[in-house]
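If you want the building blocks of each chain, they are given just below.
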Amino acid sequence: MAARARLARLLVVDPVSRRSEFDRLKDVAKAASLGKFKERLALLADIEAIGPTRVWLEGVPPGKVAHFAGEVRGTDAADMRKVAEDKRLT
């Protein structure tokens, strides 16, 4: 249940920045600098804190992962809230 709650929080939009953690997870790497590298490492640590992503993806063909990632890239938190819970958690 804690994992589900953590995933649900990804879709909460901050009223000040008007962004969600879900949006932040999709940010692309910025130009190379030590500061940007540290930001990227922090983002990767946050992603790993969600759960064992490598385990979740075991046995899933790389093409499927890439296809799903492509779909999500163009999706925002509001769109994700409209998706059925099982697919949203996936």
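Here we summarise the structure given alongside this text. (Residues numbered from 1 in each chain as written. Predicted model: local features only at pLDDT ≥ 70, side-chain atom pairs only at ≥ 80, totals over all residues. Heavy atoms only, no water.)

**Description of the environment of Leu89**
Mapping Leu89 onto the fold places it in helix H7 (residues 85–89). Classification of Leu89 by relative accessible area gives partly exposed; the value is 24%. It is 15 Å that separates the C-alpha atoms of Leu89 and Asp23, two residues lying 66 residues apart in sequence. Residues in contact with Leu89, not counting those within four places in the same chain, are Arg4 and Leu7. (Helix = DSSP H or I, 4+ residues; strand = E, 2+ residues; numbered from the N terminus. Buried < 20%, exposed > 50% of the residue type's maximum accessible area, 1.4 Å probe, protein only. Contact = heavy atoms within 4.5 Å.)

**Focus: the pattern of salt bridges**
For the coordinates displayed, the defined rule picks out two salt bridges. Between Arg6 and Glu21 there is a salt bridge, and its shortest N-O distance comes to 2.9 Å. Separated by 15 residues along the polypeptide, Arg6 in helix H1 (residues 2–9) and Glu21 in helix H2 (residues 21–25) bring together distant segments of the chain. For Arg24, the salt bridge identified is with Asp46, shortest N-O distance 2.6 Å. Of the two residues, Arg24 is situated in helix H2 and Asp46 in helix H3 (residues 34–50); the sequence distance between them amounts to 22 residues. Residue classification places Asp46 among the partly exposed positions, given a relative accessible area of 29%. (Salt bridge = Lys/Arg side-chain N within 4 Å of Asp/Glu carboxyl O.)

**Notes on a nonpolar patch on the surface**
Together, Leu34, Phe37, Leu41 and Leu44 make up a nonpolar patch on the protein surface, roughly 420 Å² of accessible area in all. Accessibility expressed as a relative area gives 58% for Leu34, which makes it exposed. (Patch = residues over 30% accessible without salt bridge, like charges linked within 9 Å, V, L, I, M, F, W, Y side chains within 5 Å. Areas by Shrake-Rupley, 256 points an atom, 1.4 Å probe, with all protein chains shown as cover.)

**Structural notes on the environment of Phe68**
Secondary-structure assignment places Phe68 in helix H5 (residues 62–73). Between the alpha carbons of Phe68 and Ala5 there is a distance of 22 Å; along the sequence they are 63 residues apart.

**Remarks on unusual backbone geometry**
Its identity is not glycine, yet Arg18 carries a phi of approximately 60°, on the positive side. Position of Arg18 among the secondary structure elements: in the loop between H1 and H2. In this structure Arg18 comes out as exposed when scored by relative accessible area, which is 68%.

**Some details on the side chain of Asp23**
Locating Asp23 in the fold gives a position in helix H2. Although buried, Asp23 forms no salt bridge, and the nearest oppositely charged side chain, Lys26, lies 4.3 Å from it. Ignoring sequence-local partners within four residues, the contact set of Asp23 consists of Asp76 and Ala77. (Lys, Arg positive; Asp, Glu negative; His and termini not counted.)

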